[in-house]
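Listed here are the chains, written in short residue letters.
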Amino acid sequence: MPTPNVNRDPQSAGDTVSDSLTDVTEGDSTTDKIVSVLVDLSQNKLAVIGLLYVFVLCVVAILAPIVAPYDPSAQNYEVLNHPPSFAHPFGTDNFGRDLFSRVVFGSRYAIFLGIVIVGIQAVIGVGLGLVAGYYGGFTEAVIMRIVDISLSIPGIVLALAIAGLLGGGILPLIIAISLVGWRGFTRIVRGDVKSIMEEEYINSAKAVGLSDTRIITRYILPNVASSIIVYTTLTLPTVILWSAALSFLGMGVHPPTPEWGALIAAGRSDLQSAWWIATFPGLAIMATIIAFNAVGDGLRDVLDPKQY
Amino acid sequence: MSKQQLGSEREFTDSLLTVTDLKKYYPVKGGILRRRVGDVKAVDGVSMEIHTGETYGLVGESGCGKSTFGKTITRLVESTDGSIIFDGKDITQLSKSEMNALRKDIQIIFQDPASCLNPRMNVRQLIEEPMSSLTDWSQEEKNKRVHKLIKDVNLSVEHLSRPPHEFSGGQQQRIAIARALSVEPKLIVADEPTSALDVSVQAKILNLLKNLQAEYNLTYLFISHDLSVIKHICDRVAVMYLGQIAEESPTQKLFEAPKHPYTKALLSSVPKIGGFQDDRIKLQGTVPSPENPPSGCRYHTRCQEYIGEICEEEVPKLKTIGEDNLCACHHY
Amino acid sequence: MTLLELKNLHVRFKTRAETVYAVNGVNFQVEENQVLGVIGESGCGKSVTALSIMGLLPSPPADIHQGEILYKGTNLLDLSEKELNRIRGNEIAMIYQDPMEALNPSLKIGFQVMEPLLTHRDISKADARERAIKILNECGLADAERIMGQYPHSLSGGMQQRVMIAMALITEPSLLIADEPTTALDVTIQAQIMDLLDNLRNDFNTSMVFITHDIPVVSGISDRIAVMYAGKVVETATVEQFMENQLHPYTQSLMKSIPKIGDTAEELPIIEGVVPTFDQNPKGCVFASRCPEYLGPECDNETPRLSVPTDAAQGHETACHIYADEYLETVSKPTDQTIAQTEEK
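Reference entry: report on the structure contained in this document. Nothing here was measured: the structure is a model prediction, and the numbers come from that model. Within every chain, residues take consecutive numbers counted from 1 along the sequence as written. As they are written, the chains are lettered A onward and the ligands numbered 1 onward, keeping that order. Where totals are concerned, whole chains, interfaces and linings use all residues; where local detail is concerned, this predicted model gives features only for residues with pLDDT of at least 70, and gives and counts side-chain atom pairs only at 80 or more. Computation of side-chain values covers all heavy atoms of the structure but excludes hydrogens and water.

**A word on the overall build of chain C**
Right, on to step 1. Going along the chain from the N terminus, every DSSP run of H or I of four or more residues is numbered as a helix, and every run of E of two or more is numbered as a strand. Helix and strand content of chain C: 12 helices and 11 strands.
Right, on to step 2. Over its C-alpha trace chain C gives a radius of gyration of 21 Å, about what one expects of a compact globule, namely 20 Å for 345 residues.
Right, on to step 3. The principal-axis extents of the C-alpha atoms in chain C amount to approximately 70 × 50 × 40 Å.
Right, on to step 4. For each residue, the accessible area found with a 1.4 Å probe, counting protein chains only, is set against the maximum for its type, and the residue is called buried under 20%, exposed over 50%, and partly exposed in between. Buried positions account for 54% of the 345 residues belonging to chain C. Computation of the radius of gyration draws on C-alpha atoms, with the globule rule given as 2.2 Å multiplied by the number of residues to the power 0.38.

**Details of the interface of chain B and chain C**
Right, on to step 1. The interface of chain B with chain C comprises 38 residues on the first partner and 34 residues on the second.
Right, on to step 2. For the pair chain B and chain C, the summed buried area comes to about 3,200 Å², and 57% of that belongs to carbon and sulfur atoms.
Right, on to step 3. A pairing counts as a salt bridge when a side-chain nitrogen of Lys or Arg comes within 4 Å of a carboxyl oxygen of Asp or Glu. For the pair chain B and chain C, the number of links is 0 salt bridges.
Right, on to step 4. Polar contacts, as used here, are pairs of N or O atoms within 3.5 Å; protein pairs need one atom able to donate a hydrogen and one able to accept it. Residues neighboring in sequence count only if both atoms are side-chain atoms. The interface formed by chain B and chain C holds 2 residue pairs in polar contact (both at pLDDT 80 or more) in total.
Right, on to step 5. Residue contributions to the side of chain B that touches chain C peak at 9 residues, all from helix α6 (residues 199-216) of chain B. Residue contacts are counted whenever heavy atoms from the two residues lie within 4.5 Å of one another. Buried surface area refers to the total accessible area, computed with a probe of radius 1.4 Å, that the two partners give up upon joining, counted for both partners together.

**A few points about the pairing of strand β4 (residues 62-71) of chain C**
Residue and element names in this part refer to chain C.
Right, on to step 1. Of the pairings in the sheet, the one linking strand β1 (residues 4-14) to β4 comprises 8 bridges and is antiparallel in character. Bridge pairing in β4 links leucine 4 to tyrosine 71.
Right, on to step 2. As defined by bridge partners, β4 adjoins strand β5 (residues 74-75) across 2 bridges and the pair is classed as antiparallel. Within the sheet, the bridge partner assigned to leucine 70 lies in β5 and is asparagine 75. A pair of strands is treated as paired once DSSP finds two or more bridges between them.

**Re the state of the cysteines**
Right, on to step 1. Any two cysteine sulfur atoms lying within 2.5 Å of each other are counted as a disulfide. Tallied over the full model, the rule gives 0 disulfides over all chains.
Right, on to step 2. Here B:Cys303 stays unpaired: no disulfide links it, and the sulfur of B:Cys329, its closest cysteine neighbor, is 6.2 Å away.
Right, on to step 3. Since its relative accessible area comes to 17%, B:Cys303 is described here as buried.
Right, on to step 4. C:Cys320 forms no disulfide, and the closest cysteine sulfur to it belongs to C:Cys291, at a distance of 5.8 Å.
Right, on to step 5. The exposure class of C:Cys320 is buried, given its relative accessible area of 8%.

**A short note on the environment of B:Asp81**
Residues and elements named next belong to chain B.
Right, on to step 1. Structurally, the position occupied by aspartate 81 is in strand β4 (residues 81-86).
Right, on to step 2. Along the backbone, aspartate 81 and glycine 45 are 36 residues apart, and their C-alpha atoms lie at a distance of 8.5 Å.
Right, on to step 3. Those residues in contact with aspartate 81 that lie beyond four places of it in its chain are Asp21, Leu22 and Lys23.

**Re the packing of aromatic side chains**
Aromatic ring pairs are described here by two measures, namely the spacing of the ring centres and the angle between the planes.
Right, on to step 1. Aromatic rings from Phe, Tyr and Trp, taking only the six-membered ring of Trp, are treated as a pair when their centres fall within 6.5 Å; an angle between ring planes under 30 degrees marks them as stacked, one over 60 as edge-to-face, and anything in between as tilted. Considering all chains together, one arrives at 13 aromatic pairs over all chains under this definition.
Right, on to step 2. Ring geometry for A:Phe90 against A:Phe100: centres 5.1 Å apart, planes inclined by 85°, an arrangement best described as edge-to-face. Highlighted residues: A:Phe90 in the loop between α3 (64-67) and α4 (99-135) and A:Phe100 in helix α4, separated in sequence by 10 residues.
Right, on to step 3. Overall, A:Phe90 belongs to the buried group, its relative accessible area being 19%.
Right, on to step 4. An angle of 35° between the planes, with centres 6.2 Å apart, marks the rings of A:Tyr201 and A:Tyr219 as tilted. On the criterion of sequence distance, the pair formed by A:Tyr201 in helix α8 (residues 200-207) and A:Tyr219 in helix α9 (residues 212-248) is long-range, its members being 18 residues apart.
Right, on to step 5. The exposure class assigned to A:Tyr219 is buried, which follows from its relative accessible area of 1%.
Right, on to step 6. An aromatic cluster of at least three residues, connected via ring pairs, comprises A:Phe90, A:Phe100, A:Trp275, A:Trp276 and A:Phe280.
Right, on to step 7. Definition used: whenever NZ (Lys) or CZ (Arg) falls within 6 Å of the ring centre and also within 35 degrees of the ring normal, the charge is taken to sit over that ring. The cationic tip of B:Lys41 hangs over the ring face of B:Tyr25; the distance from NZ or CZ to the ring centre is 5.8 Å.
Right, on to step 8. Directly above the ring of B:Trp137 sits B:Arg145, whose terminal nitrogen or CZ lies 3.7 Å from the centroid.

**Let's talk about the side chain of C:Glu180**
All names here are of chain C.
Right, on to step 1. Tracing the sequence through the fold places glutamate 180 in the loop between β7 (175-179) and α7 (187-204).
Right, on to step 2. A polar contact of 2.6 Å, which involves the side chain of glutamate 180, links it to the side chain of threonine 183.
Right, on to step 3. Look past the residues within four positions of glutamate 180 in its chain and what remains in contact with it is Lys46, Tyr96, Gln97, Ile211, Thr212 and His213.

Written as structure tokens, this is what we have:
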């Protein structure tokens, strides 16, 4: 790096630009920020593989009708319980349905449910976390006690109970897991907000007469954004897993919906004779979870290595 | 307007800020029920009068309450008691929206420049924000001012699109100064603005503050623990100890003929080139806790000119000695 | 014998993103029973130098790629961790700006102060305890016995500093490295700690490397002074020589920009520009870009070496081209030839 370009003429002291920047990063638009994060992320091989998988998964989900060779609900009595073959790479089930197509269509549910549920969790959780952290006092105490109490019940059990009470199905599944999963967001956001409140720039905002809402949206939220992003990527696999679990236990989607958990449930009884029916959906879930975790870990290292 | 001379050849008479008996207590909670068991008396009865156009220094060591004082008079922290009259109005009585209208006239610069600028905003946004919040100037007007301000603090227009972390400490402080100046305040409270900076950078910032004062008609409350900085830039100085003012005097007089024993000890502790002077007053012990300040004169536990029981029993009042020197000590 | 000698020390930091050359050829000596004050502003590499003497730089990313650190003739960089551990805390000790860098918040003070003694000497716990109380007393802590049983957080900053000093001095080290020990303290406490250090070093005959950016503070305690800038030593002298006359343009500018109590100047003189950082071994003079006495291309290309200029007092060295013989008469006229600093003595 060359030494700074400084006007050597002592006469102009104070008139010209006296300090120069040591590190010039061009632009600060959102696109550029995303690009720089991706570039940093690319150093982490595991995260890159994870990201590729997620990308492929999304493409598959969107283009499911094109990717899948067969209609997922088409029954073909000539190929009942066939093992994996060239015509049916994942084999067929006891109705003669092509498993590969079913898994492919199942990816739609995984992605859809994942996004919707995490989205709802984030909105509730982040909102409560911001309020608790910023206002403190009684409000914070109340919110955090709710979080603590609900955390004493294992999440999956609670979700199961709620879904069961509502009679099972996709909507109850979404409601159940959303209601249970916002707690993590609140904990993290509130902790972050508390440490940001210590920073002098909050005082600076108050000195300039900004309203509470404005301080929260402009000063606090952008600075907790990286934690939220990381936590989202790490929560997604849990949500997918839970959706699968609830469907597996019969509290989620109804048959013949090809959701991965439901597929495993259907193939459970035939594990000895037709192992492929349960195994491939299971592998799909596993791969997806690992991929999201890898991306989440990588993002965390890139965005804020000091955190948790 | 000519540059201010040290020792105040110019007379500042109009009162801009009058503080009377200001107190700020922080409750200490203890016990199982977390009841209030006592108070940390951060600011305990401080009165002062700052005149338009002057640079008023407030000096003291850590824990003396000077930062709390600065935050209290800008109502970033609510006072416990006392009045603060700014430009004729008692600002302790104002509602939030009324206070906001006044915020245009009182601005504050903090010590650590890195943590007082929102890292998610760029320089332009940082400088523009006070204007958007406290005035109704048009966008065109604001742009014009941003461009003028950035040059006034010796940075350039190219810097406007960058986030604060790309700048050095000295540059960040300049951005903070531009931000404070943007609404053309009457009073700027500078809370240790150069303490976190290197000596050579400190010089630049002090020069900048002095030059801007002339151009923008500013009055400064300059809070610091660094006596040499205070000497260089202030017209009058008040010395604070454990939440109270020990002495107030024009700068030159304070340094040449300090009256209060604490001021004398403080001045002799300042290291000079070549080491300490031989007749240095060696203070024993540490500053007592503001939660449990000594009775009577707060300084009596360490005072090198301790008289007797009166120092322990009676709180000395701030009296006028000579024509412009205030001192709170039983010697006078 | 020279107690400590740093010869051409170079330290760089290699991270994934970049490499930073923090120390670029540092030379200085400390004799027995001598205090060397190292002055420099932030970014000049003084802390990195101190940590490398103690072997406390994590490497990676730190890489001491050149130079020697000679303690009583032995190069510390050649020693194994085990051998270094016998010297650290025993013969060479260090105190820091933040006492909590040395104090473990979950251990009692008594244990921490006794620990260096128990590690390096064959001594009973009872004797060690007695020594610890004694040294805490000597460090100005009147209530030493009670303090032994307390935890660091119950003490004020000034007291923590004293405990840290006690911990460092309990083994009566030959060399104490003090990295900005009073920077975070109030003026009155700073004065007390400086007194303490002065008395202790006289009692124990300890040499010191006292690192700070505060020139008035260091001038009271040092015998010799070294000034650092951008990873290099630009001037060394005895403290009297230094106070009377500064040779290097950086040092001169630095002295001028300090607001002094006796000053009545209107504006403080400033140094234009910022301290450079390097991503490779710097060529030429590191101060060239900001130097008011800049001569021309030789300042950019030739690295000036530390030596005593012709008219200067013995022992007062500086690394600057303006003192090369050819320039002494014609300060503002650069010549065409490349001039190297001539060695004196």
